[in-house]
Structures are given as C-alpha cells and as structure tokens.
Amino acid sequence: MAEAADFQGMSPSPARRWLRRTASLLLGAPLVAGLLCGPVTPAAQAAESASGSHGVDVSLDTLTPATPGKSDTLAISGTVINKGKQTVTDAEIDLRVGPVLSGRIAVDRAAERTGNTTDLDASKVDAKYTIKMPKLVSGVGRDFTLHVPVKELNLDDDGVYQLGVYLSGQTAAQPFEQVLGVERTFLPWQPEASEKKTQFTYLWPLISSTHLTSETGSDEQQTPVFEDETLATELAPGGRLEQLVSLGSQLPVTWVIDPDLLATVDAMTRSYQVKSGNTTVAGKNQALAKRWLSSVEAAVRGSKVVALPFADPDLASLAHRGKNVSGSLSHLQPATEVAETTVETIIHVKPSTDFAWPVDGAIDSSIVDVATSAGAHKVIARSDSLSDNLSYTPTAARPIGGGTTAVVADTRLSIAFQGDMIKTENSTLAVQEFLAQTLALTLQDTDKQRSIVVAPQRQPTASQAQTMARALKALDAQRWTQPLDLIAAAGAAPDADATTELPATSRYPDRLRKHELPLQAFQDIRATQNTLDNFKVILTAKDRVETPFGRAIDREMSTSWRGNRVEAQLYRDKVQGYLLSLTDEVQLVEKSLITLSGRSATIPVTVQNRLVQGIDHLVLRLRSENPTRLNLDDDKGVAEQPIKVEGGHSQSVKFAAAANANGPVQMRAQLFTEDGKPYGDPMMFTVKVSEVTPTVMLVIAGGVLLLVLAGVRMYSQRKRAAARQAAAEGAEGAEGPQAADAPEESADSDHADHTDGTKGSGEDIESLDPGQPSDPTPDTGPESGDPSGAGEKVDR
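Quantities reported herein were computed from a predicted structural model and do not represent experimental measurements. (Residues numbered from 1 in each chain as written. Predicted model: local features only at pLDDT ≥ 70, side-chain atom pairs only at ≥ 80, totals over all residues. Heavy atoms only, no water.)

Draft legend 1. Summary view of the sheet that holds strand β25 (residues 630-632). Strand order in the open sheet formed by 4 strands is β21-β23-β27-β25, and the pairing between neighbours is antiparallel. In the strand order of this sheet, the two ends are held by β21 (586-588) and β25, each with one partner. Across the sheet, the mean angle from the axis of one strand to that of its neighbour is 35 degrees, orientation sign disregarded. Two elements, strand β23 (residues 600-609) and strand β27 (residues 649-659), share 10 bridges in a ladder whose sense is antiparallel. Each bridged residue has a counterpart across the sheet, and for Thr 602 the counterpart in β27 is Ala 656. (Pairing = 2+ DSSP bridges. Helix = DSSP H or I, 4+ residues; strand = E, 2+ residues; numbered from the N terminus. Axes fitted to C-alpha atoms, helices over the stretch in contact; angles between N-to-C directions.)

Structural data, given as structure tokens:
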C-alpha cells in the first residue's frame, strides 16, 4: 500500500512541510556529526545501550481524555521502576510529542518502535510539566502523573501524533544525562467534527463454549444435566458474560448471539442437575441465570441482533472436511431455523439469521458455499482474507457473486484487543492505537464516506471486553466516526475497486486449518444421527429424544471445539454412549433351552421396555434355523408380529410352531423397525423338540387298561357285598337277634376291603389328572424381564 496515498487528495499544509523538513534535518544530523567527529565514543555507546535496554521500565496506566479537545488537559499516569543494578540520580520524567503520522502504515511502524530514537522524537514539552525524581533506587517503583494542557502540545494538523513519556537520569557508572526508559502511545487529534464521518459498525459477541450434556432426567420436565457449573462463573457479577452484557448495553453495537448460550442459560433458570463423579447433584444458580437473561433482554432492546446458527457451527471444518461425510451439511439449515425461534422465545426480539461468521473471518470459495447452503446471504469476512491492493480502506460490503455479500471487517481494528488486557498498561496502549487507526482511516479520504466493520474475537475475556468498551466510549463524541448497525453496513454501496474474488481453498491459513474438526468428528456425528433416526421411529413421544440429541449433535460441530480436540472427542463419545444406553432399554429378554413336547405348540418371546415412554412401530421376527425340524407360521421358517409396549412394561408374544422331527433347533429372534431396519442385537435360543412316539402311546394305553380293570373289580366287590348284606338281613328277620351277629363281623371285613379299594382307586384316578397350565398374561409388568429357566416348556 502506497504510503503517500494514505491521505489521498490531500496536500501538505505549511506546518506539515515544516515538520517534514525538520525531520529530514534531524535524520541527517547524526550522519553529519559522525563524519565530522569521527567514531562514536564509548560513553555515547553506553548511553544508547542503556536506553535501548530500558534500564528503567516506564509504564502508562491511564491517558485521559483519550481523544482530547482544544480546551482539555491531558492527564497521563503510570509507574517507573528501576530495573538496573545502580541507583538513578537526577531523574526526570517528561512528555514528548512526535510529528504527525501520515497514514495507517505509519501508525503500524510507530507502534513497533522500541528504545530511544531521539531523531524521530520532538523535543520535550515545557519544562514546567516535568516531574523531578532526585533518586530512584534499584528495584523500587514510583508512580507519576503528568498534567499537560493540550494547547501546550503544539498540535497543528488533524491526525495521529505519537506521544512519548521519557525518564532521563544518570548513574554512578555513567555520570551524564541520558534517556534510561521510554514508553510511547498515540494521541488522535481532531478537535472539530469531520464533514464525512466514517460509518462504524462494531460486533458485540455473546458466545460461549458447550456446557450442557445430552442427558436429561426421566421426569416429565426432562431435567437437563450440566457438565459442571463453570457457566455460572461467567454469569456472576464480574464474570465474562456478565461484563459483556453490562458493558454492551451502554454501547452502539450490533449483538451477535449464539442461541445455544441463551438456551443453556434458560435451562438453568429451572431445576437442573450437575455431574459430580458418577452421579449428579442439584444445580443452585437459577436466580443468577434469571438475572442474566433479564439483563440481556433489556440490553438488546432497540438494538440489532444477529443470531448465528444454533451452537455456532464451524463452517470452515464443514467445508474442508465435513462435506466429505454424507449428511453433515444437512444440519445447518435446521440449526438456522431453531436459532431464530430460540432467540425470539427467550429474549423476545426477532433476530437476523442472514449472516454467517467463519472463524477469524477467513473465507474461501468452499466456505462461502457451505455458509450459503444454510440460507445465509451475507458472510462476515476479514480484510486479511480478502486483501485489496488499494491505498485506502474500502467500504466493508462487497458482492462476491450468487447474490451473496461479503461484509469485510477491518483486520487491524478487529485484532486490536486480542492480547492480555488485564494489565492496565496493555489496555491503555491498545485503546490509543485503536483510536489512532480509526482516525487515520477516516483521514485517508475526507471527501468519501465509507462504512467500516469491526469483528473482534468470538469469546473476549472480561478484561478484553472492558478495554473494547473504553475504546468505543472514546468515540462517543463522533468527531470522525458515527455508529451503524451490521444490517445497514451490509447494505451499503460497495466500492467499485474493492476485491470481490474469493481466495482458493489452498490459501486458507495453516494456523487455522490445523485446529479444524477432524474427519473422524463428522463420521462420529453421522453415526449418532443414524442411531437417533432408528431410535425415534419406535417412540410414542419422539420429541423427548429428538430435541436434546438434535441439539447435542449441533454442539458437536461447534466452533468452540477448535484447539480442544480431545475434549471434543470425549463429548461426542458421551453423546453416542448415552444414546445407545437408551436404545438398549428396549430389548428382548434372554431365553435358555426350552423343550417342545408334541407336534404343535406356541413359543413365547418377551419384549421389555424400560423407557418412561411407550414404544410402537416395531416388529418382532422369529426365525427357525432348521425349518425341516421345526416350522413357524404355517410351514414357513419365519414368523413376525407387531410390538407395542407401554413405558416400564414387558410383553410376551407367542408364535405358533409345528414339530416334524426330534432334536434341538436354533431360533433367532430380532426386533425390526417398520421400514425393515434391525433394532438392537438378535437373540439366539434353542428349542429341544421331543415328539410323541408309539412306545409312549402303549404306555398310556396300558395305564388306561389298568384303570378299567380296577373299576370292574370295584364293581364286583360292591355287588357281592350288597348280596351278602341282603342275605344277612333276611336271616336276622327269621332267626332273631342272635342270627344277626355273625354276618356283621364279615361285613366289617368286607367293608374294610371296600373302603380300601375305593379309596385307593380314587387316588389313582386323581393323580393321573395332568392339569392344564394357563397362558402367561400379555403384559407381565416392569419386573418380568428375567431370563427363562433351564428346561422351559412352551404352551401346547
């Protein structure tokens, strides 16, 4: 990018020409001095070494106001620490202002400067604004604050100036004044509002990592189960997500929200469980979750909200690897549809779902194809992905073909706060450089109004969010920028000279490619989806598994897994494992050896349903591995019956069987869905056929003959006994009482025979009654799933 063209259409003012001549003289002076005076003295070398090594560390903690006006007083506070081994004496802290920086590249180069290069620094401001420190002991730090009226800084032209806070002094080893420490920052200077302000769009992301598992309680509410309580830490006062909402509510930003975060926090507002080892405990942060959701609803009121597809899927991973696994791309459209419903239901605002946001705004033709397949017509890219060979920063929106618009965020501004912002010095320097870049960008062409977009990191820390907010607050005066929402920015008139050609897939950055989800991830996702598809068709309340597992599969493709490959694999394994454990709740009860006596019988097979909901649309198929010996269903080797079992119950299904020969027969029972797909593992058991033989019939006939003979004998005995009794009664009537005594003794004996014979015969007949077992009831209840015992007999 041409340096001179950073301020296209502008001619240098007299003051600027004077500064440039002065800078040229300063640049040339050391060379002339060197030619006239010969080699640099050891003392001079030592001084340069001391300044370059930063013998005293100077840090800037605050600079207010960040964008001063003409009547303001600049306040700069910080700390100096003597990191050398010798005491510094006659120390002095002063402020120096360098020449105006001509363009964004000049700002970049100035930010890279280290050490004391006095040839590029102007002289110090008035001595009355310096701070004297007679003695600075080794290892000791001293705080300082400089107050300098802006009018004393001699700021002429609008633009970016570099400020330097210097500490000068001397040591016993180097008893002469020298610069021992310096810290630089930027001061954007434009006291009057620009006629053509830059339209400025800042994205404010509400995105988190995955916290919900796929597990739910068996109660009617399906109590959700969380992996841990780390989300509560982010929602608590001072936490990352709490800070994002609190700060963002005061800023002119466009909210970019992952609906999964809202759904997860919403689940916390009710009863929920948290994993603790092999069990779960009750969650206790319902009030915290409710407060946060209420604050989000209030913060976004009146602002534009962009909803990413549910769980923020990794578009680049899908484009580069997932598309090679069938079914992977089919998840995007449903994730987009549920995103809109989720946001509107929970925070009561209708979001835009027309934007896709690849990681770091890195795009290529395949990523754009995947993004648009989900219904997005606008892709948030970054300028280091769609680079321009222009001398200025073009408007963000640009058409890239097929009715798709790339909204190209500015790279410098987007990465401005990615570092460690916990240290106040880092935060202050980042804010001032950010503001300097926005002003330098506006001054590139003051006759043209452009629209600029900033897309920061997806999950800024609390300190990063605070720094971002400070920078945006500094632009409140709107002297060179004015806020614009993302939807309007996407519709801005594009720059005709801006690049619209998409980079090839081979140009995707290696640093990002190595963190993509592997091919195995999408194969695991396909396996889980197939298991879910086979499972839900048999259920009477499909939504109890379709919703939690569908969203869990969305989370398996989340961008948040980048750089966490092991954790991502563990999550996928848990989802699949839990789903399989649910499918195993519907199974066939194991059977052992059973015996079939006779030519025909019914074989019972029990289906057990330990789920809390009923199952339907299942078919139980029983097959004889030896139909020649044992047939099913009218001489066929296979029979099947529909299955419908209430939750927590079992059902025994009977199959008619016909035996043709003796011997063992292997049987195979298998459940199938109505479309013919196997469900669960098959069950194998053995039926021992024991057919009725002629010998057995002879034995039975002999037994019947014995019963007949016993009956004839009993009849004869009763007849003879009756005759004797009649004769005895006749004799008694003729002979009187004495004649009746003798036959009575014989009757007693006969009566004993009769009694014994009758009783014995009666027991024999009763003991031969085989009885008739009753059929088992169709529904045996939830506890009837025990395996059949050895030697089980089937119903005949």
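Draft legend 2. Structural detail: helix α18 (residues 565-583). Across its 19 residues, α18 extends 27 Å between first and last C-alpha, which sits within 8% of the 27 Å expected from 1.5 Å per residue. Within α18, burial applies to Ala 568, Tyr 571, Arg 572, Val 575, Gln 576, Tyr 578, Leu 579, Leu 582 and Thr 583. One side of α18 carries all its buried residues, which in axial view fall inside an arc of 160 degrees. (Expected span 1.5 Å × (residues − 1). Buried < 20%, exposed > 50% of the residue type's maximum accessible area, 1.4 Å probe, protein only. Arc of directions from axis to C-beta.)

Draft legend 3. Focus on a nonpolar patch on the surface. Where nonpolar side chains cluster on the molecular surface, the patch consists of Leu 705, Leu 706, Val 708, Leu 709 and Val 712 and spans about 490 Å² of accessible area. Along the chain, the position of Val 712 falls in helix α19 (residues 694-735). (Patch = residues over 30% accessible without salt bridge, like charges linked within 9 Å, V, L, I, M, F, W, Y side chains within 5 Å. Areas by Shrake-Rupley, 256 points an atom, 1.4 Å probe, with all protein chains shown as cover. Salt bridge = Lys/Arg side-chain N within 4 Å of Asp/Glu carboxyl O.)

Draft legend 4. Fine view of helix α13 (residues 462-474). With 13 residues, α13 extends 19 Å between its outermost C-alpha atoms, agreeing within 8% with the 18 Å of an ideal straight helix rising 1.5 Å per residue. The buried fraction of α13 amounts to 10 of the 13 residues, a majority that puts the element mostly inside the structure. Residues of α13 that are buried in the fold lie against β8 (198-206), α5 (240-248) and α12 (424-442). (Contact = heavy atoms within 4.5 Å.)

Draft legend 5. Inspection of the nonpolar core at higher detail. Leu 620, Leu 630 and Phe 685 are the most contacted members of the largest nonpolar core, which has 75 residues in total. For this core, the element with the highest residue contribution is α18, accounting for 6 residues. Once you skip the residues sitting within four places of it in the chain, Phe 685 turns out to touch Lys 591, Ser 592, Ile 594, Ile 603, Val 605, Leu 622, Val 665, Gln 666, Met 667 and Ala 669. Phe 226, Ala 232, Ile 257 and Leu 472 belong to the second-largest nonpolar core, a separate cluster that totals 67 residues. (Core = buried A, V, L, I, M, F, W, Y, C linked by side-chain atoms within 4.5 Å.)

Draft legend 6. Quick peek at the side chain of Arg 96. By the element assignment, Arg 96 lies in strand β3 (residues 88-101). Look at Arg 96 and you get buried, because its relative accessible area is 12%. Of note is the side chain of Arg 96, whose polar atom sits 2.9 Å from the side chain of Asp 94. (Polar contact = N/O pair within 3.5 Å; in protein donor to acceptor, adjacent residues only side chain to side chain.)

Draft legend 7. A look at the sheet that holds β3. One open sheet accounts for 4 strands, arranged β4-β3-β6-β7; its pairing is antiparallel. A strand with exactly one partner marks an edge of an open sheet, and here the two such strands are β4 (131-136) and β7 (178-189). Neighbour to neighbour, the strand axes of the sheet diverge by 25 degrees on average, direction disregarded. Two strands pair when backbone bridges link them, and strand β6 (residues 159-170) and β7 are joined in this way by 11 bridges, in the antiparallel orientation.

Draft legend 8. Representation of the pattern of salt bridges within the structure. Scanning all chains against the criterion turns up 28 salt bridges. Of the charged contacts, one joins Lys 124 and Asp 94 as a salt bridge, the two residues approaching to 3.9 Å between their closest N and O atoms. Here the residue Lys 124 occupies a position in the loop between α3 (104-111) and β4, and Asp 94 occupies one in strand β3, the gap between them amounting to 30 residues. The class for Lys 124 is partly exposed, based on a relative accessible area of 31%. Residue Asp 94 is classed as buried on the basis of its relative accessible area, which comes to 0%. In this structure, the salt-bridge partner of Arg 398 is Asp 388, at a minimum N-O distance of 3.1 Å. Taken together, the residues Arg 398 in strand β17 (residues 397-399) and Asp 388 in the loop between β16 (378-382) and β17 connect sequence positions 10 residues apart.

Draft legend 9. Layout of unusual backbone geometry. Omega for the peptide link from Thr 64 to Pro 65 comes to -10 degrees, which places this bond in the cis form. Residue placement: Pro 65 occurs in the loop between β1 (56-64) and β2 (73-82). Phi is positive for Asp 312, which is not a glycine, with a value near 50 degrees. Tracing the sequence through the fold places Asp 312 in the loop between β14 (305-307) and α8 (315-320). A residue is classified by how much of its surface remains accessible, and Asp 312, at 3% relative accessible area, is buried. Backbone geometry places Gln 478, a non-glycine residue, at a positive phi of 55 degrees. Gln 478 sits in the partly exposed class, given a relative accessible area of 30%.

Draft legend 10. The packing of helix α16 (residues 519-536) against helix α17 (residues 543-556), seen in detail. It is the contact of α16 with α17, at a shortest axis distance of 11 Å, that shows an interaxial angle of 175 degrees. Classified by the angle their axes make, α16 and α17 are roughly antiparallel. Where α16 approaches α17, its residues Ile 525, Thr 528, Gln 529, Leu 532, Phe 535 and Lys 536 are matched on the opposing element by Val 545, Glu 546, Phe 549, Gly 550, Ile 553 and Glu 556. Split by residue class, the contact of α16 with α17 holds 6 nonpolar, 3 polar and 3 charged. (Parallel < 35°, antiparallel > 145°, perpendicular 65-115°, else oblique. Nonpolar A, V, L, I, M, F, W, Y, C, P; charged D, E, K, R; others polar.)

Draft legend 11. Just the side chain of Ser 624, in detail. Within the secondary structure layout, Ser 624 lies in strand β24 (residues 615-624). Overall, the relative accessible area of 5% leaves Ser 624 in the buried class. At a separation of 3.2 Å, a polar atom in the side chain of Ser 624 contacts the main-chain amide nitrogen of Asn 626.

Draft legend 12. A look at the packing of α16 against α18. Packing of α16 against α18 leaves a shortest axis separation of 10 Å and a crossing angle of 20 degrees. Taken together, the axes of α16 and α18 are roughly parallel relative to one another. The hand of the α16/α18 crossing is left-handed. Across the interface between the two elements, Gln 520, Ala 521, Asp 524, Ile 525, Ala 527, Thr 528, Thr 531, Leu 532 and Phe 535 from α16 touch Gln 569, Arg 572, Val 575, Gln 576, Leu 579, Leu 580, Leu 582 and Thr 583 from α18. Looking at the contact of α16 with α18 residue by residue, the class counts come to 9 nonpolar, 6 polar and 2 charged. (Left-handed = near helix turned anticlockwise from the far one by under 90°.)

Draft legend 13. Up close: the pairing of strand β28 (residues 663-673). Among the 11 residues in β28, 8 count as buried, and that is most of the element. The sheet contact formed by β24 and β28 spans 7 bridges and is antiparallel. For Leu 618, the partnering residue across the bridge sits in β28 and is Thr 673. Sheet topology note: the β28/strand β29 (residues 678-690) ladder contains 9 bridges and is antiparallel. Following the sheet pairing, Val 665 is matched in β29 by Val 687. Where β28 folds back on β29, the antiparallel hairpin that results is connected by 4 residues, among which Gly 676 adopts a positive phi of roughly 90 degrees.

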